[in-house]
Structure formats: structure tokens, C-alpha cells
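# Residue-level structural notes
Chain by chain, the residues:
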Number of protein chains: 2
Amino acid sequence: VNEIRIIPIEGVPEVGTGDDLGKLLFAALPEPLQDKDVLVVTQKVVSKAEGRVVPDRDRQRAAVEESTRVLRRFGDMIISETRHGFVCANSGVDASNVAEGTVALLPLDPDLSARRLRAQLRHHSGVEVAVIVSDTFGRAWRRGQTDVAIGVAGVESFLDYRGTSDVFGRELNATQIAVVDEIAGAAEMVMGKAESICAAIVRGARITFGTGSAAQLVRPHNEDLFR
Amino acid sequence: VNEIRIIPIEGVPEVGTGDDLGKLLFAALPEPLQDKDVLVVTQKVVSKAEGRVVPDRDRQRAAVEESTRVLRRFGDMIISETRHGFVCANSGVDASNVAEGTVALLPLDPDLSARRLRAQLRHHSGVEVAVIVSDTFGRAWRRGQTDVAIGVAGVESFLDYRGTSDVFGRELNATQIAVVDEIAGAAEMVMGKAESICAAIVRGARITFGTGSAAQLVRPHNEDLFR
């Protein structure tokens, strides 16, 4: 088993609507991309490149419009299900690290955003990398937030232990690790909120190249005991 | 911002009741511990060292006895709140990577387990490290499991951005990152379930040495919108 490195990508300039995010990230890479690297990029910078920004005065209306269902209200905040099926605060509408007077919405289709960025990075680098778009979500029963994957391209979302055996030869029948969420959380640790680091490379993770998506991470309503 | 390394600790022998876990882990270190390293160890191996193992036939009774409340039932499985306040499947009672015919329970006080292990590692290495005891939990609305911290010693549980500013100088008022959960999830990626790797070093994370605990991660009932 090899070690994993989490490498911040510093010096990406402020991103605006229509910017070629793949080109900007490629130009800022601290070292060449390698096969099986995962590039993690924050939702915020993807949303800015895609023009998913609205005036701050529309914030609360946008949070409701971006949701398909409001699960809970808590003061000004709603916990809602987004059009993508994610359950999060204010449908992911958020004012941090966007220009004064504006808020950013989640990308319309973050899996598509990830696939596009992956194609751009392949074009610039010639290397097959995976891409994860990350955002900071709260959890039902645990305090604090962690970053999770809201867009995925080029990698299986789960590391599936079902059908494999533990060290005692016993079948592991319930374990399906959401490895893309662990990668997103790991990358958050070098990105932070107060700096302008919007991307990181995760190198050495035991990923399987494939056609995973963040849509797969959404628990269907018929499996969901808590929605 | 520096990169983060996640280094697996391989070759720890099978652990039994009463074993000196700190000594076993210290002997297996692939390189010397450094200041501000976080040593992550799986709940399973801590439970084995502490004798928190019962016969498999007591599995379902144990899951109920270890819980203070059952939130949902789903076939043979319960989603319950443990004595520690964690919400997880079967109160954390689990058969993977324990001897045939047995199941492991969560440590009685995983924060205490972490503090003890931290003291042992300090004794052996002379270095002040943080310790996280990790376990694999499901999530309410997202498929798949990730590792989270169920025991913490020597590090603040949260990276608190409240009161700091984003790159636009705007106050970040809602963000409190559960960094110990992100560290536990990152470490899972080198530990896996099918191998016998029960510990990892996370080096370079922006942690704050302090008196954090996993108990702090439990959302109190009066803040909890989903329990």
C-alpha cells in the first residue's frame, strides 16, 4: 500500500463567467499531472466559471427555487433537497468567496461540470485524471461540516468491499465506501476557506477509473430512512 | 500551504485483549513520528485491545444494549444512538476483521482510548502527536460509508472559520469544519477493509493542538433537526 499525497494548487486567479477553468487550473499546477491523479475543485469556482451567480438580495428566493423540497426550516436557513437530490443548507446557495453583493448557486449539473473539466485537463495535459467537484455540507447528527463530492468524472464513486473477504476470510457484505467523499474531504484540508486555494491534487488513492457520478451518491427516497 | 501525506502503518500483528497498542503501533511505524502528526487507528483494533469483543450469537442483543435509543429498524439492522451519542448502524457492533464467532463493540470511551494511546506514543517516541480513533459510518442522505472520528486526543475537533474573512474580506460566519472527520476519512483510504492495515499517519494537516474530543462532534438533541 502506497502513501497518498494531497497537493494544493495555489495561484489560480479569480475566476469569472465563461473562463476556461481547465486552462487556468492547468497553468497553476505545481507539478505535472500523473495517471490516476484526482483533481478536486471547489463548487464555488466551478459555479463562477459557469455564471451561476445571482444578486445577494435574491439569496433566500434562490435557495427555495433551487430546491425540490424543504425538509426543515431553522431561522433564516432551510435544509432542503436540491434539484440534484443533495440534502444541504440553503440548497447550496452561499455567499463566501464570491464578489460583494452576490451569492453563488450550485452548478446545474455538477457531474457534467466534472466531465467537462476532465476533458479540458486531458486536452491540456494528455493525462487521464479523475475530477471531483466538492462542496461543504453539514451532516444530520454530527456537528461541523465536511467537504463531499457533488460532481464526479472518471472514477468509481464507491470502493465496493461487498463480496471481498476480511483478514479472517469472512465476507464483507455491507461495506461500500464513498471514496469520492473521502477524497473531497481530504482535499478540503489543503484548500481551506479563508485562502484562495480552489483546487488540489489527490495522488496515490486506490481509485478505480470508471463512470462514477455524484448522482449515484444520492440515496433514493425508497432507501432513505431519514428524509 | 504545504501538502499532506497519508502514510499507512503496515505489519501490525493481530491484536488481542490487553495488548499494548501503543507499543505495537510504535514498533510498526514506517518512519519516525513528527510533531503535529496525527495517528489514526481503527476502532476495531482499539476494541480488540480493550477486550470489547462478544460472541457472535449475542450480536443483536449487544447492538440494542449498546444503544440508548433505536431510531429506525431495517430488516435485521437498527440505526441507533449509542451510549456516546453517535448515530450509526447496529450501535457500531460489527463482525468484520474480528475472530470467527465474535463481534466487536465500540470502546466504552473512545476519547479516553485516544488519550491513552496518545500518552503511550509520547512515551515511546518523545513526540507530541494527535490521535484519532476512526470507524466506518453511514450517512442519512448519501449512499455509502465514510470513516469518521469516534475518539480524539490532542487536537481540536473543528477548524473554526467563524470570525475569519474570505478572500473578499467578508466574514465567514457559518463554517466550522469537522477536520477530525476529514482526517479519519483520508486515513481510511490507505487502510481499507480487506487488508490488515489498522493505522495511518496523517502528516501536514493544518490542525490545532488542543483538547478536542469526539464527544464534541455529537450534535446535542436540542440542535438536532433529524434525530
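Attention in this report is confined to the structure presented alongside it. Keep in mind that this is a model prediction, so the values were computed, not measured.

Turning our eyes to something else, we now look at the interface of chain B and chain A. Contacts between chain B and chain A engage 79 residues on the former and 79 residues on the latter. Summed over both partners, the interface of chain B with chain A buries about 7,100 Å², with 55% contributed by carbon and sulfur atoms. At the surface where chain B touches chain A, the tally comes to eight salt bridges. As a salt-bridge pair, Glu223(B) and Arg143(A) come within 2.9 Å of each other at their nearest N and O atoms. Taken together, the links from chain B to chain A amount to 32 residue pairs in polar contact (both at pLDDT 80 or more). Secondary structure elements with two or more residues in the side of chain B that touches chain A: β1 (4-9), β4 (67-74), β8 (130-138), β9 (145-153), β13 (176-177) and α5 (179-191) of chain B. The element best represented in the side of chain B that touches chain A is α5(B), accounting for 10 residues. Tallied by class, residues from the side of chain B that touches chain A come to 40 nonpolar, 16 polar and 23 charged. As defined by bridge partners, strand β1 (residues 4-9) of chain A adjoins β1(B) across three bridges and the pair is classed as antiparallel. Its bridge partner lying in β1(B), Ile4(A) is registered against Ile6(B).

This next bit is on the pattern of salt bridges. For the coordinates displayed, the defined rule picks out 36 salt bridges over all chains. For the salt bridge of Arg5(A) with Glu3(B), the shortest nitrogen-to-oxygen distance reads 2.7 Å. Of the two residues, Arg5(A) sits in strand β1 while Glu3(B) sits in the segment before β1, which places them in two different chains. For Arg5(A), a relative accessible area of 23% corresponds to the partly exposed category.

This part takes up the side chain of Thr146(A). For Thr146(A), the location among the structural elements is in strand β9 (residues 145-153). The contact partners of Thr146(A), leaving out residues within four places of it in the chain, are Asp135(A), Thr136(A), Phe137(A), Arg139(A), Ala178(B), Asp181(B) and Glu182(B).

Let us now look at the nonpolar core. Counting 124 residues, the largest nonpolar core has Val41(A), Ile183(A), Val41(B) and Ile183(B) as the members making the most contacts within it. Those residues in contact with Val41(A) that sit more than four places away from it in its chain are Leu21(A), Leu25(A), Val46(A), Leu117(A), Ile132(A), Val133(A), Ser134(A), Cys198(A) and Ala199(A).

Let us look at the sheet that holds β4(B). All names here are of chain B. Strand order in the open sheet made by the three strands is β4-β5-β6, with antiparallel pairing throughout. Both outer strands of the open sheet, β4 and β6 (87-89), are each paired with one neighbouring strand and no more. Across this sheet, the average inter-strand angle for adjacent strands is 25 degrees, counted without regard to direction. Taken together, the six bridges between β4 and strand β5 (residues 77-82) define a ladder with antiparallel strand orientation. Bridging across to β5, Phe74 finds its partner in Met77.

The next thing to look at is unusual backbone geometry. Residue and element names in this part refer to chain B. One non-glycine residue, Ser91, lies in positive phi territory at about 55 degrees. As for its position among the elements, Ser91 is in the loop between β6 and β7 (102-104). Using a relative accessible area of 1% as the deciding quantity, one classes Ser91 as buried. Backbone geometry at Asn97 places phi at a positive 55 degrees, although glycine is not the residue there. By the secondary structure assignment, Asn97 is in the loop between β6 and β7.

For the rest of this paragraph, the subject is empty space enclosed by the protein. Tallying each qualifying case throughout the model produces two cavities of 30 Å³ or more. As a volume, the largest cavity reaches approximately 460 Å³. Lining the largest cavity are 30 residues, and of these Arg139(A), Thr146(A), Arg139(B), Thr146(B) and Val148(B) sit closest to its centre. Elements supplying a minimum of two residues to the lining of the largest cavity: β8 (130-138), β9 and α5 (179-191) of chain A together with β8, β9 and α5 of chain B. Sorting elements by how many residues they give to the lining of the largest cavity places α5(A) first, with four residues. Class assignment of the residues belonging to the lining of the largest cavity gives a composition of 13 nonpolar, seven polar and 10 charged. Looking at the second largest cavity, its volume works out to about 30 Å³. Among the residues forming the lining of the second largest cavity, the class breakdown is four nonpolar, no polar and two charged.

This paragraph deals with the relation of the copies chain B and chain A. When chain B is fitted to chain A, the residual RMSD is 0.0 Å, and the transformation amounts to a turn of 180 degrees plus an axial shift of 0.0 Å. With respect to symmetry, the two chain copies, as superposed, fit the operation of a two-fold axis. Taken as a fraction of all interface residues of chain B, those also at the interface in chain A reach 100%, which identifies the copy contact as same-surface.

This next bit is on the environment of Gln176(A). Residue placement: Gln176(A) occurs in strand β13 (residues 176-177). The spatial distance from the C-alpha of Gln176(A) to the C-alpha of Ser67(A) is 28 Å, given a sequence separation of 109 residues. When residues no more than four places from it in sequence are discounted, the contact partners of Gln176(A) are Phe158(A), Leu159(A), Asp160(A), Arg162(A), Gly144(B) and Gln145(B).

Our focus in this paragraph is the packing of helix α1 (residues 21-28) of chain B against helix α4 (residues 110-125) of chain B. Residues and elements named next belong to chain B. Closest axis-to-axis distance for the α1/α4 pair is 8 Å, and the angle between their directions is 50 degrees. When the interaxial angle is binned, α1 and α4 end up oblique. As for the relative orientation of α1 and α4, their crossing is right-handed in sense. Contacts from Leu21, Gly22, Lys23, Leu25 and Phe26 in α1 reach Leu117, Gln120, Leu121, His124 and Ser125 in α4.

Calculation criteria
Residues numbered from 1 in each chain as written. Chains lettered and ligands numbered in written order. Predicted model: local features only at pLDDT ≥ 70, side-chain atom pairs only at ≥ 80, totals over all residues. Heavy atoms only, no water. Contact = heavy atoms within 4.5 Å. Buried area = accessible area lost by both parts, 1.4 Å probe. Salt bridge = Lys/Arg side-chain N within 4 Å of Asp/Glu carboxyl O. Polar contact = N/O pair within 3.5 Å; in protein donor to acceptor, adjacent residues only side chain to side chain. Helix = DSSP H or I, 4+ residues; strand = E, 2+ residues; numbered from the N terminus. Nonpolar A, V, L, I, M, F, W, Y, C, P; charged D, E, K, R; others polar. Pairing = 2+ DSSP bridges. Buried < 20%, exposed > 50% of the residue type's maximum accessible area, 1.4 Å probe, protein only. Core = buried A, V, L, I, M, F, W, Y, C linked by side-chain atoms within 4.5 Å. Axes fitted to C-alpha atoms, helices over the stretch in contact; angles between N-to-C directions. 1 Å grid on protein atoms, 1.4 Å probe; cavity = no way out; pocket = protein on both sides within 12 Å on 5 of 7 lines; lining within 4 Å. Points joined across faces, edges and corners; volume = space filled by probe spheres on them. Least-squares fit on C-alpha atoms with pLDDT ≥ 70 in both. Parallel < 35°, antiparallel > 145°, perpendicular 65-115°, else oblique. Left-handed = near helix turned anticlockwise from the far one by under 90°.

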